[in-house]
Each structure stands twice: as structure tokens, then as C-alpha cells.
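Per-entry structural report
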Amino acid sequence: MSYVKGTLQSDEKIELWVRLHWINYLYAFGILFVSLLLWIYYITPGSYNKSDFFWLVVFSAGWGIYEFLKLWTREMAVTNKRVVVRKGIISIDSDEIKNLKIEGIEVEQTVLGRILGYGNVCFGGVGVGRLVFENVDKPWEVKRKAEEIVGD
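Before going into details, it helps to say that this report is about the structure given with it. (Residues numbered from 1 in each chain as written. Predicted model: local features only at pLDDT ≥ 70, side-chain atom pairs only at ≥ 80, totals over all residues. Heavy atoms only, no water.)

A short note on the overall build of the chain
What counts here: Under the DSSP-based scheme used, a helix requires at least four consecutive residues in state H or I and a strand at least two consecutive residues in state E, with every element numbered from the N terminus. Each radius of gyration reported is based on C-alpha atoms, and the globular scaling rule is 2.2 Å times the count of residues to the power 0.38. Note on contacts: a residue pair is in contact if any heavy atoms of the two residues lie within 4.5 Å. Reported accessibility uses the Shrake-Rupley method at a 1.4 Å probe radius. Residues are deemed covered only where the shown protein chains occlude them.
Looking only at helices and strands, the chain has 5 helices and 7 strands in total. Each helix and strand of the chain, ordered N terminal to C terminal, gives the series α-β-α-α-β-β-β-β-α-β-β-α. Its C-alpha radius of gyration of 20 Å places the chain more than 25% over the 15 Å reference for a compact globule of 152 residues. Dimensions of the chain along its principal axes, counting C-alpha atoms only, are 70 × 35 × 25 Å. When contacts within the chain are restricted to residue pairs at least 6 apart in sequence, long-range pairs at least 24 apart make up 51% of them. Of the roughly 9500 Å² of accessible surface on the chain, a fraction of 60% belongs to carbon and sulfur atoms.

Remarks on the sheet that holds strand β7 (residues 129-137)
The following threshold applies: When DSSP finds at least two bridges between two strands, those strands are taken to pair. An axis is simply a line fitted to the C-alpha atoms; with a helix, the fit covers only the stretch in contact. Between two such axes, the angle follows the N-to-C directions and lies from 0 to 180 degrees.
Strands sit in the order β5-β6-β7 across an open sheet of 3 strands; the sheet is antiparallel. Where the open sheet ends on each side, the last strands, each with one partner, are β5 (102-108) and β7. Put simply, the sheet's adjacent strands are angled 20° from each other on average, direction ignored. With 7 bridges joining them, strand β6 (residues 118-125) and β7 adopt antiparallel strand pairing. In the sheet register, Cys-122 faces β7, and the bridge partner there is Val-132. Against the sheet, helix α5 (residues 139-151) engages β5, β6 and β7, with an angle of about 170° to β5.

Considering unusual backbone geometry
Using the following cut-off: Throughout, exposure labels follow a simple rule: accessible area from a 1.4 Å probe, protein chains only, divided by the maximum for the residue type, with under 20% read as buried, over 50% as exposed, and the rest as partly exposed.
A positive phi is found at Asn-135, a non-glycine position, where the angle reads about 50°. Note on placement: Asn-135 falls in strand β7. Relative accessible area serves as the criterion here: at 27%, Asn-135 is assigned to the partly exposed category. Positive phi, close to 50°, is recorded for Lys-138, a residue that is not glycine.

Details of the sheet that holds strand β2 (residues 75-79)
If you walk across this open sheet you meet the 4 strands as β1-β2-β3-β4, and the pairing is antiparallel. For this open sheet the edge positions go to β1 (14-17) and β4 (93-98), each flanked by a neighbour on one side alone. Neighbour-to-neighbour, the strand axes of the sheet open up by a mean angle of 20°, direction not taken into account. The strands that α5 touches are β1 and β2; relative to β1, the one it contacts most, it runs at about 170°.

Given below as C-alpha cells:
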């Protein structure tokens, strides 16, 4: 069960699940690809000493899996009562702002983000600070839908 679904109140429902953009996964898959190349190099026969090289393969594969799991376990949602972000694999970092406390929603995009269609959606709250959905797919659409939900 997801964190957001597990923390819903009795009369609360999820209005919007926010997805990460595919570019977030490039880093994790790049590390896994490098570990695959290192593994291929490790298993090819040769006369050179590769005894310590095995641990480099294990480390890079573990690092790639860790980076992928960090993205896979991230949850970003807007319910009819609050905005929620949950990050973490073992230790969990969750941030929430009640919809009544949100004063504004902003979109931050880099040049590459404009070209590829990703960016940050930032929720500003009264006395709470900021809650950020990082590197989401179609941030302007997320902003529009979130404003409809929060404005009700």
C-alpha cells in the first residue's frame, strides 16, 4: 500500500497523482548500464588481474539499483484536503500542506525542462513554507489541475 493511500482520512480522496518525468530515470539507468559494461569486462577472459574489479561491479550495480528505488518509491499527490510528497526507501521524508493553507502554485523550468516538458511545481503555504514536486512530467498541466483541486 502506498503512503498516501495509507494516510487518507475517511472523507478524503486522491484527486491527482503526479508522475516523474522520464529524464529522472536516465541517471539510474546510466549507472546500471555502466555496471553492465563493467560486468561484461569482468567476465571476459584475459590475462590481467581482475580480483578487485569485482567489487567495483557490485558497488556500481548497487548504486544504480538504489538510485532507481529512490525514484520508484517517491509519491506526489494532491487530495481534496492536502498536497503530499513522500520520499525515501527505508527512512521516509514526507511533507504535506493542507489545501486551505496554500496561497500560490508556481512552476519552475530550466531551458532543457522547457524543451523536454518537465519542471518543478512549487506550492507556497501560509506559515508553512514551500512544498516542491521535483522534475514532474507536464508541470503546467499539473499546476492547472492542482489549482482546480485546491481552489474548490
